[in-house]
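# Structural overview
So you can see what is in the structure, the chains are spelled out below.
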Amino acid sequence: MTKEQIEEIVKTYPTPFHIYDEKGIRKNVEALKEAFAWNKGYKEFFAVKATPNPFLIQILKEYGVGCDCSSKTELMLSKAIDVTGSDIMFSSNDTPAEEFVYANKIGATINLDDFTHIEFLEKTLGKLPETLSLRFNPGGVFTISTDIMDNPGDAKYGLTTEQLFEGYRILKEKGVKRFGLHAFLASNTVTNEYYPTLAKTLFDVAVQIKEKVGVSLSFINLSGGIGIPYRPEQEPNDIKVIGEGVRKVFEEVLVPAGLGDVAIYTELGRFMMGPYGHLITKAIHEKHTHKEYIGCDACAVNLMRPAMYGAYHHITVLGKEQEPCDHKYDVTGSLCENNDKFAIDRMLPKIEIGDYLAIHDTGAHGFAMGYNYNGKLKSAELLLKEDGSVQLIRRAEKPSDYFATFDCFDFYEKISREF
Ligand SMILES: *Cc1c(COP(=O)(O)O)cnc(C)c1O
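Please read these numbers as outputs of a predicted model, since none were measured by experiment.

Here is what the cut-offs are and how they apply
- One numbering rule holds for all chains: residues counted from 1, following each sequence as written.
- Restriction of local features to residues with pLDDT of at least 70 applies here, the model being predicted, together with a cutoff of 80 or more for giving and counting side-chain atom pairs; totals for whole chains, interfaces and linings are based on all residues.
- Computation of side-chain values: all heavy atoms of the structure, hydrogens and water removed.
- When DSSP finds at least two bridges between two strands, those strands are taken to pair.
- Helix and strand assignments follow DSSP, with helices taken as H or I runs no shorter than four residues and strands as E runs no shorter than two, numbered in order from the N terminus.
- Angles here are taken between N-to-C directions and fall from 0 to 180 degrees, while the axes themselves are lines fitted to C-alpha atoms, restricted in helices to the stretch in contact.
- The contact rule is simple, with two residues in contact once any of their heavy atoms fall within 4.5 Å.
- Here a residue is considered near a molecule or strand provided that any single heavy atom belonging to it is located within 4 Å of it.
- Between N or O atoms, a polar contact is any pair within 3.5 Å; within protein, one atom must be a potential hydrogen donor and the other a potential acceptor, and residues adjacent in sequence are included only when both atoms are from side chains.
- Each accessible area value is a Shrake-Rupley result obtained with a 1.4 Å probe; residue values ignore everything except the protein chains displayed when judging cover.
- Within this analysis, patches are made of residues with over 30% relative accessible area and no salt bridge. Like charges are joined at 9 Å or less; nonpolar side chains (Val, Leu, Ile, Met, Phe, Trp, Tyr) at 5 Å or less.
- By convention in these notes, a salt bridge is any Lys or Arg side-chain nitrogen within 4 Å of a carboxyl oxygen on Asp or Glu.
- Charge counting treats Lys and Arg as positive and Asp and Glu as negative, with His and both chain ends excluded.
- We put the charge of a Lys on NZ, of an Arg on CZ, of an Asp on CG and of a Glu on CD.
- Using protein atoms alone on a 1 Å grid, points that fit a 1.4 Å probe yet trap it form a cavity, whereas open point sets bounded by protein on both sides within 12 Å along at least five of seven lines form a pocket; residues with an atom within 4 Å of a point count as lining.
- Grid points are joined across faces, edges and corners, and a volume is the space filled by probe spheres set on the points.
- As annotated, the domain borders come from an automatic or database domain assignment.
- Put simply, a nonpolar core is a bunch of buried Ala, Val, Leu, Ile, Met, Phe, Trp, Tyr and Cys residues held in one set by side-chain atoms that sit within 4.5 Å of each other.
- Whether a residue is buried, partly exposed or exposed follows from its accessible area with a 1.4 Å probe, protein chains only, as a fraction of its type maximum: under 20%, in between, or over 50%, in that order.
- Summed over both partners, buried area is the accessible surface (1.4 Å probe) that two parts give up on being assembled.
- Asp, Glu, Lys and Arg are counted as charged, while Ala, Val, Leu, Ile, Met, Phe, Trp, Tyr, Cys and Pro are counted as nonpolar; the rest, among them Gly, fall into the polar class.
- Helices are assigned an expected span. That span is 1.5 Å times one less than the residue count.

Quick look at the sheet that holds strand E5 (residues 109-112) now. Taken together, 8 strands build a closed barrel; the order of strands is E2-E3-E4-E5-E6-E9-E10-E11 and the barrel is parallel. Across the sheet, the mean angle from the axis of one strand to that of its neighbour is 25°, orientation sign disregarded. One ladder, built from 3 bridges, connects strand E9 (residues 178-182) with strand E10 (residues 219-221); its direction is parallel. What sits directly across from Gly180, in E10, is Phe219. Sheet contacts for helix H4 (residues 72-80): strand E3 (66-69) and strand E4 (88-91); angle to E3, the most-contacted strand, approximately 165°. Sitting on the sheet, helix H7 (residues 161-173) touches strand E6 (131-135) and E9, and the angle it makes with E9 is about 160°.

Moving on to the site of the ligand. Of all residues adjacent to the ligand, which total 14 residues, the nearest are Lys49, Glu267, Gly269, Arg270 and His365. At a separation of 3.1 Å, an oxygen atom of the ligand approaches a polar backbone atom of Gly225. Note that an oxygen atom of the ligand is positioned 2.8 Å from one of the backbone N or O atoms of Arg270. When isolated, the ligand has an accessible area of 390 Å², and the protein chains bury 91% of it.

Turning next to unusual backbone geometry. A cis amide bond links Thr15 to the next residue, Pro16, at an omega of -5°. As for its position among the elements, Pro16 is in the loop between helix H1 (3-9) and strand E1 (17-21). A positive phi angle, near 50°, is found at Asp345, a position not held by glycine. Inspection of the secondary structure assignment puts Asp345 in strand E16 (residues 341-348).

The subject of this paragraph is the pairing of strand E19 (residues 390-394). Strand direction decides the pairing type here: strand E18 (residues 380-384) and E19, joined by 4 bridges, are antiparallel. Across the sheet, residue Leu383 finds its bridge partner in E19, namely Gln391. A loop of 5 residues connects E18 with E19, the two strands running antiparallel in sequence, and Gly388 in this loop sits at a positive phi of about 90°.

A contiguous patch of negative charge on the surface is contributed by Glu4, Glu321, Glu323 and Asp326. With respect to the helices and strands, the residue Glu4 is situated in helix H1.

The next point concerns the layout of surface pockets. As a volume, the largest pocket reaches approximately 890 Å³. What lines the largest pocket is a set of 38 residues, and nearest its centre among them are Lys49, Arg135, Tyr157, Phe184 and Ser187. Every element with two or more residues in the lining of the largest pocket is listed here: E3 and helix H11 (305-309). Split by domain, the lining of the largest pocket shows at least three residues from each of two domains, domain 1 (3-17 + 276-406) and domain 2 (22-274).

Turning our eyes to something else, we now look at the pattern of salt bridges. According to the stated counting rule, one finds 21 salt bridges in the structure shown. Between Asp330 and Lys291 there is a salt bridge, with its nearest N and O atoms 3.1 Å apart. Separated by 39 residues along the polypeptide, Asp330 in strand E15 (residues 327-332) and Lys291 in the loop between strand E12 (277-288) and strand E13 (292-296) bring together distant segments of the chain. Among the charged side chains, a salt-bridge network with shared partners connects Glu22, Arg26, Glu62 and Glu386.

Our next topic: the nonpolar core. Counting 87 residues, the largest nonpolar core has Phe36, Tyr168, Tyr195, Phe203 and Ile220 as the members making the most contacts within it. Considering each element in turn, this core owes the most residues, 11 residues, to helix H8 (residues 194-213). Mapping this core onto the domain boundaries places at least three of its residues in each of domain 1 (3-17 + 276-406) and domain 2 (22-274). Discounting residues that sit within four places of it in the chain, Ile220 has contacts with Leu181, Leu202, Phe203, Ala206, Leu254, Val262, Ala263, Ile264 and Tyr265.

What follows deals with the domain arrangement of the protein chain. By the assigned domains, the protein chain splits into domain 1 (3-17 + 276-406) and domain 2 (22-274). Listed per partner, the contact involves 21 residues of domain 1 and 25 residues of domain 2. Of the roughly 2000 Å² buried between domain 1 and domain 2 on both sides combined, carbon and sulfur atoms contribute 56%. The largest per-residue losses of area from domain 1 upon contact with domain 2 belong to Tyr276, His365 and Glu386, which jointly make up 34% of the total buried on that side. Scanning the region where domain 1 abuts domain 2 turns up 1 salt bridge. Taking the shortest distance from any N to any O, the salt bridge between Arg26 and Glu386 comes out at 3.5 Å. Counting across the domain 1 and domain 2 interface gives 11 residue pairs in polar contact (both at pLDDT 80 or more). Where the side of domain 1 that touches domain 2 is concerned, the elements lending two or more residues are E18 and E19. When the residues that make up the side of domain 1 that touches domain 2 are grouped by side-chain class, the tally is 7 nonpolar, 8 polar and 6 charged.

A contiguous nonpolar surface patch, about 270 Å² in accessible area, is contributed by Tyr402, Phe406 and Phe409. Note that Tyr402 resides in helix H12 (residues 399-403). Classification of Tyr402 as partly exposed rests on a relative accessible area of 32%.

Time to look at H7. End to end, H7 covers 19 Å across 13 residues, agreeing with the expected 18 Å (1.5 Å per residue, within 8%). Every buried residue of H7 is listed here: Leu164, Phe165, Gly167, Tyr168, Ile170 and Leu171. Looking at the packing, one finds that the buried side of H7 touches helix H6 (116-125), E6, E9 and H8. Backbone geometry just after H7 places Gly175 at a positive phi near 90°.

Spelled out as structure tokens, the structure:
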């Protein structure tokens, strides 16, 4: 987006706001579908938690994408846009009974995070559903060649190998008819090898499940984890290469074992939306003390990843794309937390008060992670449509939203009237 475009938009929608690129979202989902077209039952279930906005999810729905939900409100959101039944994967953990009840009521496919949840679900529902999936955690560290990608042995999710076999045995005994297997072993991987490596692990296990338990899986869910290049020097994933890599393992492992009908599912979040959202914020202060600071009108409430994980988000000063990055800044928000910095010691063009900053790659796990610390309010979300027009897809929070849960106090009416 150009500075001129943003200057036009802020006349209607003041900063800060997240803005999403419809064209980018569409092109990407088309490429994903094409990369897995070789698999008859292939389906993507968008990880709602990444960007829980019905307008955006409806775009994906046009391509046959379903929803991966982790809570009751996410299930409700999916149902509200008529994504129900087997178009929903319920991949939750530490799940309250009422959420299983609701998921089952709307026909979602339940993916169990633990061995004990089999009994819990049976007690909760009275009878197990006909389709069930189990989440696998092989433990140890997850490596590609010699690179450690993540540490499943330290993760709270999933069943161990022994629990998995025992789990399918019990499910079969209790009359479950369709079985799925799921695993999420590494996050934000920027390598074309993650899915094929994960697929090899899961496909080998699927063959063993067939041999040892006599259960032929209906679907294998590779879950999320395909990352995006947050840093400009990173090489983006090539979804076509990833799809081909999974196909090769599929043909090597599953087809000879008589499991060539297995449907491949994915639950991507970051890959689907991450690059197609930007947080637009205005520089409102500069501060010259022990360091050089630029203070923005956005803060960690709008984008928590830098504060939470020290995550890198690229920043463009709009209108200064061609200027040299010869100034070193900490770019901060206004929270009373010293980790509220979008960038630390970042080389950028000289920033003037009133400049607009585009913080890149906020389309997934951006707005969604927001909170209300310091009484800060969450921003609006906008959609840049294919025809170049801009649509409000979530208004900014108002003080009355912040105070809404105080309706148990006498002064609620007074406070809400003030705004
Ligand atoms: C978070 C999550 C995803 C999506 O992960 P991304 O890294 O955004 O692709 C998918 N499935 C489950 C169960 C998750 O918790």
